[in-house]
Amino acid sequence: MKRVLSGVQPTGDVHLGNYLGAFRGWVQEQSNCEALYCIVDLHALTVDYDPKELAERTLDMATYLIACGLDPQRCSIFVQSQVPQHTYLAWILECNASMGELSRMTQFKDKGKGNDSVKVGLFTYPVLMAADILIYNADLVPVGDDQRQHLELARNIAMRFNSKYGATFTVPQAQVPPLGARVMDLQDPTKKMSKSSSSPQGIILLSDDPATIDKKIKRAVTDNDSLVNYDPEHKPGISNLLELFSSASGQSIEQIQQNYTSYGPLKSDTAQAVIEMIAPIQERYNELVKDRKSVLDCLASGAEHATSIAGATIDQVASAIGLIRPDYI
Ligand code: TYM
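Residues numbered from 1 in each chain as written. Predicted model: local features only at pLDDT ≥ 70, side-chain atom pairs only at ≥ 80, totals over all residues. Heavy atoms only, no water.

## A look at the domain arrangement of the protein chain
Annotation of the protein chain at the domain level lists domain 1 (3-180 + 292-321) and domain 2 (200-287). Taking only C-alpha atoms, the centre of domain 1 and the centre of domain 2 are 29 Å apart. Domain 1 puts 16 residues into the contact, and the matching count from domain 2 is 16 residues. In this assembly, domain 1 packs against domain 2 so that about 1,500 Å² is buried in total across both faces, 69% of it on carbon and sulfur atoms. On the domain 1 side of the contact with domain 2, Leu 16, Tyr 64 and Leu 179 bury the most area, a combined 40% of that side's loss. For the pair domain 1 and domain 2, the interface holds zero salt bridges. At the junction of domain 1 with domain 2, the criterion picks out six residue pairs in polar contact (both at pLDDT 80 or more). At the level of secondary structure, the elements contributing two or more residues to the side of domain 1 that touches domain 2 comprise helix 1 (16-32) and helix 2 (51-67). Of all the elements, helix 2 adds the most residues to the side of domain 1 that touches domain 2, at five residues. Broken down by class, the residue content of the side of domain 1 that touches domain 2 amounts to nine nonpolar, four polar and three charged. (Domains from an automatic or database assignment. Contact = heavy atoms within 4.5 Å. Buried area = accessible area lost by both parts, 1.4 Å probe. Salt bridge = Lys/Arg side-chain N within 4 Å of Asp/Glu carboxyl O. Polar contact = N/O pair within 3.5 Å; in protein donor to acceptor, adjacent residues only side chain to side chain. Helix = DSSP H or I, 4+ residues; strand = E, 2+ residues; numbered from the N terminus. Nonpolar A, V, L, I, M, F, W, Y, C, P; charged D, E, K, R; others polar.)

## Brief notes about the site of the ligand
Taken together, 28 residues lie around the ligand, and Tyr 125, Asp 132, Asp 146, Val 183 and Met 193 are the ones closest in. In this structure, Tyr 125 approaches the ligand through a side-chain N or O atom, which is 2.5 Å from a nitrogen atom. Between the ligand and the protein, one listed contact pairs an oxygen atom with a backbone N or O atom of Gly 144 at 2.9 Å. A total of 710 Å² of accessible area belongs to the ligand in isolation, and the protein chains cover 96% of it. Grouping the constituent residues of the shell around the ligand by class yields 12 nonpolar, 11 polar and five charged. (Near = heavy atom within 4 Å. Areas by Shrake-Rupley, 256 points an atom, 1.4 Å probe, with all protein chains shown as cover.)

## Some details on the nonpolar core
Of all hydrophobic cores here, the largest spans 59 residues; its most connected members are Leu 16, Phe 23 and Leu 206. Element by element, the count of residues in this core is highest for helix 11 (residues 263-288), at 10 residues. Core analysis: the next-biggest nonpolar cluster, separate from the first, contains 41 residues, Val 83, Ala 90, Leu 102 and Ala 131 among them. (Core = buried A, V, L, I, M, F, W, Y, C linked by side-chain atoms within 4.5 Å. Buried < 20%, exposed > 50% of the residue type's maximum accessible area, 1.4 Å probe, protein only.)

## Considering unusual backbone geometry
Residues other than glycine seldom take positive phi values, yet Asn 137 does so here, at roughly 50°. Tracing the backbone shows Asn 137 in the loop between helix 6 (120-134) and strand 4 (140-142). Taking relative accessible area as the criterion, Asn 137 reaches 18% and is therefore assigned buried. Backbone geometry places Ser 226, a non-glycine residue, at a positive phi of 60°.

## Let's talk about the layout of surface pockets
In this model, the second largest pocket occupies a volume close to 250 Å³. Contributing to the lining of the second largest pocket are 16 residues, with Leu 20, Gly 25, Gln 28, Pro 177 and Pro 178 lying nearest its centre. Of all the elements in the fold, those that place two or more residues in the lining of the second largest pocket are helix 1 and helix 9 (236-249). Of the residues forming the lining of the second largest pocket, the biggest block, seven residues, is contributed by helix 1. (1 Å grid on protein atoms, 1.4 Å probe; cavity = no way out; pocket = protein on both sides within 12 Å on 5 of 7 lines; lining within 4 Å. Points joined across faces, edges and corners; volume = space filled by probe spheres on them.)

Here you go:
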């Protein structure tokens, strides 16, 4: 059985991009693979954050993951900081990665390059992400399009390590969904929908009520030629709505294009489809928040299982690179 691993930062609210680009695929894979899903709280330390909120956000993210359909009986959901082997391996991998390749990471270039006060952790973040994946010898990593470059780095580090120290890591493969891999901001459809977006009107949160979702989609920036055509390069706003509608309703983009000749009805029906897709998630979330202790317990058993795999990998890696172990003689 293949092993699948993916992760999400516990920063801010969960948005439609996270769901369509990642979580929906995670739910599918828990039935086909041995699945591990990690809330990467150590990654959240790379930028300024409020310590009073981090634990709460981590628990809230776990609650959302279960509400989205992850079943703790079928997959392991755990918190990165509760499996210290991730950072142990990250150090070893840092000693096998170069400044040059990390400097080329576009997310670092966008967020911090040239800024002297940027955290070292933000620079080395992709190596910690590689460790998150390689420590479980994951075959598949379901992610949105924005994580492709990080996945490529993880693959390169794994191959380099294997050729230097002998076959140790599985070389992972990114699994990017055919639809919803890059959900765009509703107010600036040339940018991806993101927690750090400048306008809250551009993001649909899984916690938004139906009226808010309707308003945000109706106000989505489009263009003024009124043609319902899928053309991401020239018509990013309409193409984004078509992708959202298709992802939420299951209808193909061609079918939707044929059914609509103006933007108003397209926007109304897209909003309705998104509202209907999110409603059961919100219902489950509202139930789960009443029993946060059981969510916390899931994280504890997830971490226990993850630690057993991660510990075995560390033993193998340590021996491969020449660290002395208690059973050396
Ligand atoms: P993060 O927390 O930013 O996002 C979690 C997942 O959501 C996807 N995503 C999107 N997909 C489509 N459209 C969007 N607008 C959109 N925004 C976010 C992301 O691609 C991601 O799959 N570095 C990772 C977390 C991470 C990780 C890992 C992932 C740490 N270690 C190991 C996989 C494996 C991140 O910041 O994701």
